[in-house]
Every structure is written in structure tokens, then in C-alpha cells.
Amino acid sequence: MGGVALDHVQIAIPPGGEEQARAFFSGILGLTEIAKPAELSGFGGCWFELGDRQLHVGADPDFQAARKAHVAIRVSKLADFRARLVDAGCVIHDDAPLDGRARFFTSDPFGNRIEFIEPVL
């Protein structure tokens, strides 16, 4: 099917969790926060650039952490990225390499699973 591409991914946080989300996604992961459109600004949450895509973090009054479903973020220098997360107090869970890619995962402050992955040369 031509003309199909992923635009953004949204994960949920509890209402009022925006500052914790910013501290994790921007402060620890280094993602750049981008402004939400004015027509959505009253719904809470925050948005981040993720390469040429976006990660939308939305406030959900019925929040439940996504412990299996997850975002996989491709990074370079996976070992350095891992050290940065450990230094920030994140718990790391190793995962077996998959199709020539090294990977591990952690959780955001709300318990959502976040995977980090890098092609192995």
C-alpha cells in the first residue's frame, strides 16, 4: 500500500503527570518537547520530537501502565545511553538481541515499558 507511514505514537500518563513526563522524556532521554496544537492544549499531556516522528504523551483519567505494549526507540551508542539511564536511577532489563539488534528496556516514571534498540554491526 503506497503512501503509508507512521506519524506518531501516543502513550498514556495519569492526569497531572506532565512534569514527571518532561523530566523523563526531555531531561533523561534528551527528547525535544514540541508545542501541542492550540485546540488540544486543554487536554493535558505533552508532545516530543522523536527523529522525524513524534511521541505524544497523553493524560488519561483511567490510566493503566503499558507493561507489554511499548515504544521502541532506536539509538546510537546503546551502551552510553544505558549508562545515562542507570545514572538517572532507571532500572534496566536486558533483552536478547533480535534480528541483529542489541536492546534493553526500562520503564518511564508511570510504569510504561520503553525499549531502546541499536543495530549491531
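So, how was this worked out
Residues numbered from 1 in each chain as written. Predicted model: local features only at pLDDT ≥ 70, side-chain atom pairs only at ≥ 80, totals over all residues. Heavy atoms only, no water. Core = buried A, V, L, I, M, F, W, Y, C linked by side-chain atoms within 4.5 Å. Buried < 20%, exposed > 50% of the residue type's maximum accessible area, 1.4 Å probe, protein only. Helix = DSSP H or I, 4+ residues; strand = E, 2+ residues; numbered from the N terminus. Contact = heavy atoms within 4.5 Å. 1 Å grid on protein atoms, 1.4 Å probe; cavity = no way out; pocket = protein on both sides within 12 Å on 5 of 7 lines; lining within 4 Å. Points joined across faces, edges and corners; volume = space filled by probe spheres on them. Nonpolar A, V, L, I, M, F, W, Y, C, P; charged D, E, K, R; others polar.

J.: I'm lost on the nonpolar core in this one. Help?
T.: Most often, soluble globular proteins have nonpolar side chains that are buried together. Membership of the largest hydrophobic core comes to 24 residues, with the highest contact counts inside it found for F25, L29, V57, L85 and F116. The set of elements that each furnish at least two residues to this core consists of β1 (8–13), α1 (18–28), β3 (46–50), β4 (53–59), β5 (71–74), α2 (78–87) and β8 (113–119). Top contributing element to this core by residue count: α1, with four residues. For V57, the residues in contact, after removing those within four places along its chain, are I11, I13, A21, F25, G45, C46, W47 and F48.

J.: Hey, could you run me through α1 in this one?
T.: Every α-helix carries 3.6 residues per turn, so stepping three or four residues along brings you back to the same face. Within α1, the full set of buried residues consists of E18, A21, F24, F25 and I28. On its buried face, α1 sits against β1, β3, β4, α2, β7 (101–107) and β8. Just downstream of α1, G30 is the residue with a positive phi angle, here 85°.

J.: Help me understand the layout of surface pockets in this model?
T.: Where empty space is left in the structure can be found by rolling a water-sized probe over the atoms. Within this model, the largest pocket holds a volume of roughly 360 Å³. Contributing elements (two or more residues each) for the lining of the largest pocket: β4, β5 and β8. The element contributing the most residues to the lining of the largest pocket is β5, with four residues. By residue class, the composition of the lining of the largest pocket is eight nonpolar, two polar and five charged.

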